[in-house]
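# Coordinates in review
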Amino acid sequence: MKKMEKISNYGKIFLLVAWVNLTCGCVELDDFNITEKPYVDKSSVELYIGEGAGDRDRIQLKSAPDGRQYTWTSLDPSIATVTQTGLVTALKEGFAVIAVASGNDQTNVNVWVRNWIPLEDFTLDKQQVEVKRLDKAQIVAIPVPQNASVTDIRWTSSDPGVAAVYDNGWIVGNEIGNAIITATSADGKEQQVTVEVVPATARFKITAANIPGYAAGNAGTIGYSSQHGGYVVLNLFDENITTFWHGNYTAPVSTYPHWFIVDLRRTVIITELMMQKRQEGAGQNFRSATGFYFYTCPDVPVDQNDPEHGYPWVLQDEFVFNSQTNAEQHYLFEPLEARYVLIYVGPEHRDPGGAGNAYIQLAEFGIYGY
């Protein structure tokens, strides 16, 4: 224990001597030199040489902060030189580094020097563009030759309120209508594209209020042929493929035709339909329909109590349905106006490969438009 105390006392004496030396100025320390890395307005540049390059063979670099002394050096003056004011001049094709030093620190700027290849012409990758409202699309300018040194194109729109255009040919559809997009090169060559801004379509939300006379249970009403228990016709519109519409399979068992009416509550533009069967697993057979008729009715006075004769139905088309796939099946057509929709699966659409019953089984039905 005494030996440990002796070592401890020596330590105390050493610390005391060190403190005295510092306070008396006996120990001198070097100044700690703090430097600030120079800031340059470019980290890399491309310069060009050759006929037609013009003043693209030089660039004025700027350094900061102001009021300090800077030393400018080219690490390969055979490629590019630099003045002490930061003016870089290209001499031949290649790569060089410009060092900007201040005090004990420096910043490097990469310089690529290339032979100038003039832009002779350009084309556009499309002449007509359709873009949805509030969506965007791009027109790509293809230079001739493709390795032209500079391919800057100026883009303008005849009506930015309909279709605005930005750098690199990006178009944004602002309002429904038409506009002309013009691309212009530096030497005045022009190419034009016709843009049509169309409405953004979406799947209409269908609730019980859209099915005339809708009621839970297995009874048929004025808005649909039949349904069984919880397998209601409204399941077609819930965007959930695990639920489904199932025709009544207890007395009175439903049979063909199967149909339903949708009241969209206002005049809309319809652009697409989608139908999907009840999802089938291995060894199951839920095949019921091979097609359907698509009827519409305008926003006119109707007699909802007479689904067949109370509406001035217009047959728009008959569509084929593949009952052997679980996937969605979409049907596109020219946009049409309507308020009421009737989907009618007739006896001729009964799937002969079904399980021998005469009731309908479908998972989803979508009506798209705006």
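Residues numbered from 1 in each chain as written. Predicted model: local features only at pLDDT ≥ 70, side-chain atom pairs only at ≥ 80, totals over all residues. Heavy atoms only, no water.

## Describing the sheet that holds strand β15 (residues 163-165)
- The sheet built from three strands is open, its strands ordered β12-β16-β15 with antiparallel pairing. Each of the sheet's edge strands pairs with one partner strand only, and the pair in question is β12 (136-138) and β15. The average angle at which neighbouring strand axes cross in this sheet is 25°, direction not considered.
- Across three bridges, β15 lies against strand β16 (residues 170-173) in antiparallel orientation. Bridge pairing links A164 to V172 in β16. (Pairing = 2+ DSSP bridges. Helix = DSSP H or I, 4+ residues; strand = E, 2+ residues; numbered from the N terminus. Axes fitted to C-alpha atoms, helices over the stretch in contact; angles between N-to-C directions.)

## Focus on the pattern of salt bridges
- Enumeration over the complete set of coordinates arrives at twelve salt bridges.
- Between R265 and D263 there is a salt bridge, and its shortest N-O distance comes to 3.7 Å.
- By relative accessible area, which is 2% here, D263 ends up buried.
- Of the charged contacts in the structure, one is a salt bridge between R287 and D351, with a shortest N-O distance of 3.1 Å. Within this pair, whereas R287 is found in the loop between β21 (258-277) and β22 (291-297), its partner D351 is found in the loop between β24 (329-345) and β25 (361-369), the two being separated by 64 residues in sequence.
- Classification of R287 by relative accessible area gives partly exposed; the value is 22%. (Salt bridge = Lys/Arg side-chain N within 4 Å of Asp/Glu carboxyl O. Buried < 20%, exposed > 50% of the residue type's maximum accessible area, 1.4 Å probe, protein only.)

## So, the nonpolar core
- Counting residues in each nonpolar core, the largest one holds 33 residues, and the members touching the most others are F260, V262, I270, L273, F292, F294 and F365.
- Elements with a contribution of two residues or more to this core: β21, β22, β24 and β25.
- If we ignore the near neighbours within four places in the chain, the residues touching F365 are R203, L236, F237, F260, L273, M274, M275, F292 and I343. (Core = buried A, V, L, I, M, F, W, Y, C linked by side-chain atoms within 4.5 Å. Contact = heavy atoms within 4.5 Å.)

## Notes on the side chain of S102
- Mapped onto the elements, S102 comes out in strand β8 (residues 94-102).
- Residue contacts for S102: discarding those within four places in its chain leaves P38, R68, Q69 and Y70.

## Topic: unusual backbone geometry
- In this structure, the amide linkage connecting V144 to the following residue, P145, adopts the cis form with an omega of -5°.
- Of note, P145 is situated in the loop between β13 (141-144) and β14 (153-157).
- A251 connects to P252 through a cis peptide bond whose omega is -5°.
- Tracing the backbone through its elements, the reader meets P252 in the loop between β20 (245-246) and β21.

## Quick word on the pairing of β8
- In this structure, strand β5 (residues 71-74) lies alongside β8, joined through four bridges in antiparallel fashion. Paired with T73 across the bridge in β8 is A99.
- Examined bridge by bridge, β8 and strand β9 (residues 105-115) share nine bridges and lie antiparallel to one another. For I98, the partnering residue across the bridge sits in β9 and is V109.
- Hairpin connection, β8 to β9: the antiparallel pair is bridged by two residues, and G103 has positive phi, about 65°.

Keep in mind that these numbers describe shape and distance, not what the molecule does.
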